[in-house]
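Structure at a glance
What follows is each chain in one-letter form.
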Amino acid sequence: MTASLAVVGAGPRGTGLLERLAANLPELYGNRPLEIHLVDPYPPGGGRIWREEQSPLLWMNSMAEDVTLFTDDTVEIDGPVLPGPTFAEWAGLDGPSFPSRRAQGGYLRWAYERARAALPPTVTVHEHRARATRISGPRDGRQRVWIEGRAEPLEVDAVAVTIGHLDARLDAEQQGLADFADRHRLVHLPPDFTADSDLSALPAGEPVLVRGFGLAFVDLMVLLTEGRGGRYAPDGSYLPSGREPVLHVGSRRGVPYHSKIGYVLDGERPPLPRFFGPEQTAGLLRLERPLDFRSDVWPLIEKELGFAHYHRLFHAHPGRTAGGWSAFEEKYALCEPGGPELDALVGAAVPDPADRLDLTALDHPLDGVRHDSHDSLQDGLRRYVEDDLTRRHDPAHSPDLAVFGALLSVYGQLLRLGELGPWWHGFFSYLASGPPGPRLRQLLALSRAGVVRFLGAGMTVEADEERGLFRAGSATVPGRHVEARALVEARLPDPTLELTGSPLLRSLYEDGAEATPTGLLAVDPADGRIRQRDGGAPHPRRFALGPHTTARGGGAFTRPRTGGASFRQNDATARTALGLLRDASCRSTEHPAS
């Protein structure tokens, strides 16, 4: 029998794996026959999130020049480096632009077709436009992939699960809110990919409570304003169509994610990593106990981000510092993160408190801020957003961009640890993965037009059985509430095995796959093989990559010339899988079926 591999999930991560299979196949597999089955209900390349059939109003959150699906000489891999164009180069776009997701889907589809064309004629690719529901089979034998609408399973020698963002079953809180909405004929939209939510249930002119102020909110804002016929005048003001609801938005922080930075870093860059690099990561992995993020990892992150900030301040803005960099760096290296010695050092060397890095204040921008009315809060939040836009586009604040670079460096080290935790992802996204500046300018225009209303920090949501309404409040406006007949949870579902809406992932867990404390599918960091709860060796024929696993890789595609953790993972998985498939092919040749 011909050796075969099933890749479940043909979006950007599955496409990246296919590219690595094609790159490594001549060395590790030769011209033996091979069958590859791609299983995904959505189109190959873009998959669900980047499919070309979605609203053209939805933008990428990355600049066109910052997206590539191809390796370069900064990626540490055992397989061959095969460069390719960035999205900007492929599409002929201005590098710093933010194209639509539909356009990005075209790039991903082309990358998929290029990877497929690179396979030799001895490889046959089958596309199955359906959902995989279960994987079964022994550790030492062929695997069966069960597919919706198909009576018999695919029988393959190995399976790679590369599915992306997934639906989830409701947790206890969300189920309670959904049941309350059903009893009182209200609208409750749980966490979901915004482009797939049924927003028609949100009526024009009615208040809607929105919990979440990140990128899912930005999509929601766009689809309920421009998506309903509103438009922006040349002066930047918003001209309503009359079909918009009134969005009352709040969150834990109560503010939107920071704007993308609108300039490039010139001059000397901080030499990273400095305090959190491979040596420190290796030391953490040697600990004979579970890692505690706050006590084991966060101090290293804090030291690294501070180093980048002050390196840039001393080198690019020396007039705002006292003393020389060498003396400061020597003392900084000896200080404990967050300790009084560090505070004293920074206080003496950086006279203006505004030039000092305060990560706690960044994470809690509205702590201690109080307003006596929601109307007062609107003015305060607009000033906050305006100040953020000004700062993120002013090179006088270039230590912010140095910290951004340090965040990317830290992320690369954390990926080696496997388990990052939800707090870190939220903090990273808030500082480093916010919306393009024009989106925040639109938010300001919508606020001035009364279409968006800010609720504040520490947002609470209550179900008022007596009145049959949702009620929201916040710590920023104590004692004041907003009532509505609709509630939207503006965030993606958490990628946990416990609550996943994927029958495939549930079946893997029920079949013995290991879950981390936060519910991710645990995989071998060396090659992505799925780890088993029995403490034995990872499953030899099952692999997994993507946001539902500890092999997240920082995304399915990455910024050029940044080492691409996902590329390293894809390459390692492809090479291990090809070795397995080569052995299977040799066995079938030696012992042909009778």
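Computed from a predicted model, the values in this text were never measured in an experiment.

**Concerning the sheet that holds strand E7 (residues 158-161)**
- Pairing is parallel in the open sheet, where five strands are placed in the order E3-E2-E1-E7-E18. Edge positions in the open sheet fall to strand E3 (123-128) and strand E18 (542-544), since each of these has one partner strand only. Here the strands of the sheet are splayed against their neighbours by 15 degrees on average, with no regard to which way each runs.
- Looking at chain direction, strand E1 (residues 3-8) and strand E2 (residues 34-39) are connected through six bridges and run parallel.

**So, the packing of aromatic side chains**
- The full count for this structure, using the stated rule, is 28 aromatic pairs.
- Taking 6.3 Å as the distance between ring centres and 45 degrees as the angle between the ring planes, the aromatic pair formed by tryptophan 424 and phenylalanine 427 counts as tilted. Taken as a pair, tryptophan 424 and phenylalanine 427 lie in helix H13 (residues 422-432) at a separation of three residues, close to a single helical turn. For the pair tryptophan 424 and phenylalanine 427, one class covers both residues: buried.
- The side chain of arginine 253 reaches across the aromatic face of tyrosine 430, ending 4.0 Å from its centre.
- The residue whose ring lies beneath arginine 274 is phenylalanine 275, and the NZ or CZ to ring-centre distance is 4.4 Å.

**A short note on the sheet that holds strand E9 (residues 207-211)**
- Judged by pairing direction, the sheet is parallel, and its five strands sit side by side in the order E8-E17-E9-E12-E13 without closing on themselves. Of all the strands in the sheet, the pair left with one neighbour each is strand E8 (187-189) and strand E13 (452-456). Across the sheet, the axes of successive neighbouring strands diverge by a mean angle of 20 degrees, strand direction being ignored.
- Here helix H4 (residues 172-184) sits on the sheet in contact with E8, E9 and strand E17 (486-489), set at roughly 155 degrees to E8.

**Details of the pattern of salt bridges**
- Inspection of the entire model under this criterion finds 38 salt bridges.
- As a salt-bridge pair, glutamate 226 and arginine 439 come within 3.9 Å of each other at their nearest N and O atoms. Here the residue glutamate 226 occupies a position in the loop between helix H5 (215-223) and strand E10 (231-232), and arginine 439 occupies one in helix H14 (residues 437-448), the gap between them amounting to 213 residues.
- For arginine 439, a relative accessible area of 3% corresponds to the buried category.
- A salt bridge links glutamate 386 to arginine 448, with the shortest nitrogen-to-oxygen separation between them at 2.5 Å. Of this pair, glutamate 386 sits in helix H11 (residues 374-392) while arginine 448 sits in helix H14, placing them 62 residues apart in sequence.
- For glutamate 386, a relative accessible area of 30% gives the class partly exposed.
- Overlapping salt bridges bring together Arg48, Arg51, Asp167, Asp192 and Asp196 as one network.

**Looking at the pairing of strand E14 (residues 460-464)**
- Where E14 meets strand E15 (residues 469-473), five bridges bridge the pair, whose relative direction is antiparallel. Within E15, the residue paired with aspartate 464 across the bridge is leucine 469.

**Comments concerning the packing of helix H6 (residues 278-285) against helix H12 (residues 399-417)**
- As a packed pair, H6 and H12 sit with axes 10 Å apart at the nearest point and diverge in direction by 25 degrees. The angle between H6 and H12 falls in the class roughly parallel. For the pair H6 and H12, the crossing hand works out as right-handed. Contacts from Pro278, Thr281, Leu284 and Leu285 in H6 reach Gln413, Arg416 and Leu417 in H12.
- Among the residues forming the contact of H6 with H12, the class breakdown is four nonpolar, two polar and one charged.

**Remarks on the nonpolar core**
- With 70 residues, the main nonpolar core has Leu202, Val210, Phe217, Ile301, Leu414 and Trp424 as its most contacted residues.
- With eleven residues, H12 is the largest single contributor of residues to this core.
- Ignoring any residue separated from it by four or fewer positions in sequence, one finds phenylalanine 217 in contact with Val210, Gly212, Leu247, Val249, Leu443, Val452 and Ala490.
- Listed in part, the 28 residues of the second largest apolar core include Val7, Leu18, Ala158 and Ala574.

**Regarding the packing of helix H7 (residues 293-316) against H13**
- In the contact formed by H7 and H13, the axes pass within 12 Å of each other and the chain directions differ by 25 degrees. One way to sum up the angle between H7 and H13 is to call them roughly parallel. Both H7 and H13 take part in a crossing whose hand is right-handed. Across from Phe293, Arg294, Trp298 and Ile301 in H7, the residues of H13 making contact are Trp423, Trp424 and Phe427.
- Looking at the contact of H7 with H13, its residues break down into six nonpolar, no polar and one charged.

**Quick word on the environment of proline 153**
- Mapping proline 153 onto the fold places it in the loop between strand E5 (143-147) and strand E6 (154-156).
- Each C-alpha atom, one on proline 153 and one on arginine 134, is 9.2 Å from the other, the two residues being 19 residues apart in sequence.
- In this structure, proline 153 is in contact with Arg144, Val145 and Trp146, ignoring residues within four places of it in sequence.

**Focus on the pairing of E1**
- In terms of burial, E1 is largely enclosed, as six of its six residues are buried.
- A two-sided burial pattern is seen for E1, the buried positions comprising Ala3, Leu5 and Val7 on one face and Ser4, Ala6 and Val8 on the other.
- Handedness of the crossover joining E1 and E2 through helix H1 (residues 12-28): right-handed.
- Note that E1 and E7 share four bridges and pair parallel. Looking at E7, one finds that valine 7 is bridged to alanine 160.

**What to know about the side chain of histidine 258**
- You can see histidine 258 is positioned in the loop between strand E12 (246-250) and H6.
- The exposure class assigned to histidine 258 is buried, which follows from its relative accessible area of 9%.
- If we skip the residues at most four places from it in the chain, histidine 258 touches Leu362, Tyr384, Asp388, Arg392, Tyr430, Leu431, Gly434 and Pro435.

Rules and cut-offs
Residues numbered from 1 in each chain as written. Predicted model: local features only at pLDDT ≥ 70, side-chain atom pairs only at ≥ 80, totals over all residues. Heavy atoms only, no water. Pairing = 2+ DSSP bridges. Helix = DSSP H or I, 4+ residues; strand = E, 2+ residues; numbered from the N terminus. Axes fitted to C-alpha atoms, helices over the stretch in contact; angles between N-to-C directions. Phe/Tyr/Trp six-rings, centres within 6.5 Å; stacked < 30°, edge-to-face > 60°. Buried < 20%, exposed > 50% of the residue type's maximum accessible area, 1.4 Å probe, protein only. Lys NZ or Arg CZ within 6 Å of the ring centre and 35° of its normal. Contact = heavy atoms within 4.5 Å. Salt bridge = Lys/Arg side-chain N within 4 Å of Asp/Glu carboxyl O. Parallel < 35°, antiparallel > 145°, perpendicular 65-115°, else oblique. Left-handed = near helix turned anticlockwise from the far one by under 90°. Nonpolar A, V, L, I, M, F, W, Y, C, P; charged D, E, K, R; others polar. Core = buried A, V, L, I, M, F, W, Y, C linked by side-chain atoms within 4.5 Å. Right-handed = clockwise from strand over helix to strand, strands pointing away.

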